[in-house]
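# Observations on the three-dimensional arrangement
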Protein chains: 2
Amino acid sequence: MWVMDAATEARVPQKLTAKGQATRARILEHAAELIYTKGVHATNNEQLRRAAGVSGSQLNHYFPTKESLVLAVIEWQAERVLTFHRSERFTHFDSLDSLREWAGYYIAYERSYQEGCSLGSLASEIIKTDLDVRTELANAFEQWRDIFRDGLERMQKSGRISNDADPTRLAYLLLSAFQGGMLLAQVARDIAPLKNALQAAIDHVQTFAMPPAAGVHEDVD
Amino acid sequence: MWVMDAATEARVPQKLTAKGQATRARILEHAAELIYTKGVHATNNEQLRRAAGVSGSQLNHYFPTKESLVLAVIEWQAERVLTFHRSERFTHFDSLDSLREWAGYYIAYERSYQEGCSLGSLASEIIKTDLDVRTELANAFEQWRDIFRDGLERMQKSGRISNDADPTRLAYLLLSAFQGGMLLAQVARDIAPLKNALQAAIDHVQTFAMPPAAGVHEDVD
């Protein structure tokens, strides 16, 4: 019943009408917002029906179980965060400047320390539950890591960072510093932990920076 | 009713008898284990009574509300993790070797990627709930950060790392890489994210290492 859409939209059931898809999207958007601000456990059908302006039978039609709703919210949040990271703003993370631009965005983003990462906080909350959504979460985080890794590999190929750098290791550092810094910032209600962690992680990437004079390394790989 | 004990034990009510304290400790230990493995929301009174072998009225006597129980579990887990980090094994993090020893412990620890950090996973799960426990969590993470920061300052004073290093920033990097790496490892059910993140974070501290020949800097501060 569910099909993967090659575009950047979350999966939607194929047989829905345009109106049906719009209703489903509205429910999903409100569910994502409620879950982001209050958590999965505190989000119930009644709140969601009221927020999205739908009836109980409509809600049940599009999302027959809480698991199906949470799964759709994961896909929705994953698409949002991956699409944002792939946006032109960050030029596919092909330079240290783009990494600093990225960190600056989240450091300045008010909801960072109020509600954390939309995907990470969701993952943390549901990873111990019975909801069968781990594969979808793991897949989303792998794609996220790959965005950084691909960028770092591009930096190596263009001679911006040394071949001594390990793109996989650095990608995990960036993503972990982001997730851990977000958690600490939420707990502290202060952006300082995230700011320090991201700056230090990018400082580390910078230790591999090559002087511009060194030019392009064609012998990479 | 609650008093801070200067020792490494979690706070216990002063007026409990030795037997009462033992019962309370047994409940707490089982609550911590249940919450660590199943999460706060999935842990209910009945499971806890059965696991700890206590009656409902006993449970209610020691922990009249879920909030009081969760608060006590936070304190218990915080004391455990802080005491572990302060143990002689890590020599107060006065060297790069002690940081590598620390990372090695968690990389080899099976429960790392099964259940995550005992404190971090608890924090993630309850940070969005109505439970009024944020101050206790924030305090625990601040103490944890200070253990790393103090160690890094000690490394600077002994001339092991350069004065160019920012101990606060590096401490946040270490703690964030740990928390974020743990989350990613749990989601992936694979230790690789944690391993890579911690190695990269410590690699970064190592970029500030001074050659032994440089000797002790007496002019620090």
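Residues numbered from 1 in each chain as written. Chains lettered and ligands numbered in written order. Predicted model: local features only at pLDDT ≥ 70, side-chain atom pairs only at ≥ 80, totals over all residues. Heavy atoms only, no water.

An unreviewed UniProt entry annotates chain A as Transcriptional regulator, TetR family protein originating from Pseudonocardia halophobica.

## Description of the interface of chain B and chain A
With 43 residues of chain B in contact, the opposing surface of chain A contributes 43 residues. By the criterion of area lost to chain A, the three top residues of chain B are B:Lys128, B:Arg169 and B:Val187, representing 21% of everything that side buries. The tally of links between chain B and chain A comes to two salt bridges. Connecting chain B to chain A are 15 residue pairs in polar contact (both at pLDDT 80 or more). For the side of chain B that touches chain A, the element with the highest residue contribution is helix α9 (residues 167-188) of chain B, accounting for 14 residues. (Contact = heavy atoms within 4.5 Å. Buried area = accessible area lost by both parts, 1.4 Å probe. Salt bridge = Lys/Arg side-chain N within 4 Å of Asp/Glu carboxyl O. Polar contact = N/O pair within 3.5 Å; in protein donor to acceptor, adjacent residues only side chain to side chain. Helix = DSSP H or I, 4+ residues; strand = E, 2+ residues; numbered from the N terminus.)

## Focus: unusual backbone geometry
Glycine aside, residues mostly have negative phi angles, and peptide bonds mostly take the trans form. With a phi angle near 50°, A:Phe93 is a residue other than glycine that sits in the positive phi range. Positionally, A:Phe93 belongs in the loop between α4 (66-85) and α5 (96-108). In this structure A:Phe93 comes out as buried when scored by relative accessible area, which is 1%. Positive phi, normally seen in glycine, also occurs at B:Thr91, with a value near 40°. Tracing the backbone shows B:Thr91 in the loop between α4 (66-85) and α5 (96-108). Classification of B:Thr91 by relative accessible area gives partly exposed; the value is 36%. (Buried < 20%, exposed > 50% of the residue type's maximum accessible area, 1.4 Å probe, protein only.)

## So, the confidence of the model for chain A
Residues and elements named next belong to chain A. Here chain A shows a mean pLDDT of 88. Residues at 70 or above account for 90%. Across residues 1-10, confidence stays below pLDDT 50; counting only partners more than four residues off in sequence or on other chains, it has 16 contacts. Below pLDDT 50 for its whole length, residues 217-221 participates in nine contacts with residues either more than four positions away or in separate chains. (pLDDT = per-residue confidence, 0-100.)

## So, the relation of the copies chain B and chain A
Put simply, the two copies of the chain differ by a rotation about an axis and a shift along that axis. Under the fitted operation, chain B is carried onto chain A by 0.0 Å of movement along the axis and a turn of 180°, and the coordinates agree to an RMSD of 0.0 Å. Such a combination of turn and shift is consistent with a two-fold rotation axis. Using C-alpha coordinates, one finds that chain B approaches the rotation axis most closely at B:Gly180, a distance of 1.9 Å. Mapped onto chain A, 100% of the interface residues of chain B are again interface residues, and the two copies thus contact each other with one and the same surface. (Least-squares fit on C-alpha atoms with pLDDT ≥ 70 in both.)

## Details of the packing of aromatic side chains
Residues and elements named next belong to chain B. Per the stated rule, a full pass over the model turns up 28 aromatic pairs over all chains. An angle of 90° between the planes, with centres 6.3 Å apart, marks the rings of Phe93 and Trp102 as edge-to-face. In this structure, Phe93 and Trp102 share a single accessibility class: buried. (Phe/Tyr/Trp six-rings, centres within 6.5 Å; stacked < 30°, edge-to-face > 60°.)

## As for helix α2 (residues 45-52) of chain A
At the N-terminal end of α2(A), a side-chain oxygen is found 3.2 Å from the backbone nitrogen of A:Glu46, two or three residues along, and the residue is A:Asn44. One or two positions beyond α2(A), positive phi appears at A:Gly53, with a value near 65°.

## Here we look at the pattern of salt bridges
Residues and elements named next belong to chain A. Summed over the entire model, instances satisfying the criterion amount to 16 salt bridges over all chains. A salt bridge links Arg111 to Glu115; the nearest nitrogen and oxygen atoms lie 2.8 Å apart. In this pair, Arg111 and Glu115 are both assigned in helix α6 (residues 111-115), four residues apart and thus about one turn of the helix distant. Using a relative accessible area of 22% as the deciding quantity, one classes Arg111 as partly exposed. For Arg145, the salt bridge goes to Asp146, with nearest N and O atoms at 3.0 Å. Owing to a relative accessible area of 12%, Arg145 belongs among the buried residues under this scheme. Since its relative accessible area comes to 22%, Asp146 is described here as partly exposed. One salt-bridge network, in which partners are shared between bridges, spans Glu33, Arg111 and Glu115.

## A short note on the side chain of B:Asn196
With respect to the secondary-structure elements, B:Asn196 resides in helix α10 (residues 192-206). Assessed through its relative accessible area of 14%, B:Asn196 is described here as buried. Engagement of the side chain of B:Asn196 in a polar contact is seen with the backbone oxygen of B:Ala192, the distance being 2.9 Å. Other than its neighbours up to four places away in sequence, B:Asn196 contacts A:Arg169 and A:Tyr172.

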